[in-house]
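As a plain string of letters, each chain reads:
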Amino acid sequence: QVQLVESGGGLVQAGGSLRLSCAASGRTFINYVMGWFRQAPGKEREFVAGISRSGDSAYYADSVKGRFTISRDNAKNTVYLQMNSLKPEDTAVYYCAARYSRVVLTTQREYDNWGQGAQVTVSS
């Protein structure tokens, strides 16, 4: 198991930016692919972005492509989600997820380690 703690959420106006961080502990971080998911009120949790173990491959949901960037610093055991040009529809609780895997994963059921979530609210 790996423990995940998100930080960096908050309230921002539409068009603004936020950066989420997810600090991992408990296992060798570089062996885990990482992902970000989000869940808006009344909606199912959805994939936002995923990154490979080395950080050289990343995948994004169409809704955030070109606006969000996932990255990781394996020396700091941390994965980031830089969110630019935020829209009110990006409002959600954002979750960091990890899975011991060699390939990037993009579905919720494939991840078995989850953080507690960070609230992101975008006002219009």
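Please refer to the structure higher up on the page.
Scoring rules and cut-offs
- Residues numbered from 1 in each chain as written.
- Predicted model: local features only at pLDDT ≥ 70, side-chain atom pairs only at ≥ 80, totals over all residues.
- Heavy atoms only, no water.
- Buried < 20%, exposed > 50% of the residue type's maximum accessible area, 1.4 Å probe, protein only.
- Helix = DSSP H or I, 4+ residues; strand = E, 2+ residues; numbered from the N terminus.
- Pairing = 2+ DSSP bridges.
- Core = buried A, V, L, I, M, F, W, Y, C linked by side-chain atoms within 4.5 Å.
- Contact = heavy atoms within 4.5 Å.
- Phe/Tyr/Trp six-rings, centres within 6.5 Å; stacked < 30°, edge-to-face > 60°.

## Details of the pairing of strand E11 (residues 118–123)
No. 1: Only one face of E11 is buried: it carries Ala 118, Val 120 and Val 122, and the other face, with Gln 119, Thr 121 and Ser 123, is open.
No. 2: The pairing of strand E2 (residues 10–13) with E11 spans four bridges and is parallel. Following the sheet pairing, Val 12 is matched in E11 by Val 122.
No. 3: In the sheet, strand E9 (residues 92–100) pairs with E11 via three bridges, with the strands oriented antiparallel. Paired with Ala 92 across the strands is Val 120, a residue of E11.

## Here's the deal with the nonpolar core
No. 1: By size, the foremost hydrophobic cluster in this structure holds 36 residues, and its most contacted members are Met 34, Trp 36, Val 79, Leu 81, Met 83 and Tyr 94.
No. 2: Secondary-structure elements contributing two or more residues to this core are strand E3 (18–25), strand E4 (32–39), strand E5 (46–51), strand E7 (68–73), strand E8 (78–83), E9 and E11.
No. 3: When near neighbours in sequence (up to four residues on either side) are disregarded, Val 79 contacts Leu 20, Ser 21, Cys 22, Phe 29, Met 34, Trp 36, Ile 51, Ile 70, Ser 71, Arg 72 and Cys 96.

## Observations regarding the packing of aromatic side chains
One pair of aromatic rings is described through two measures. These are the centre distance and the angle between the planes.
No. 1: Under the definition given, this model contains five aromatic pairs.
No. 2: Both rings, one in Phe 37 and one in Phe 47, keep their centres 5.6 Å apart while their planes meet at 75 degrees; by these two values the pair is edge-to-face. Taken together, the residues Phe 37 in strand E4 and Phe 47 in strand E5 connect sequence positions 10 residues apart.
No. 3: Judged by centre distance (5.4 Å) and plane angle (80 degrees), the ring pair of Phe 37 and Tyr 111 falls under edge-to-face. Residue Phe 37 is located in strand E4, and its partner Tyr 111 is located in the loop between E9 and strand E10 (113–114); the two are separated by 74 residues in the primary sequence.

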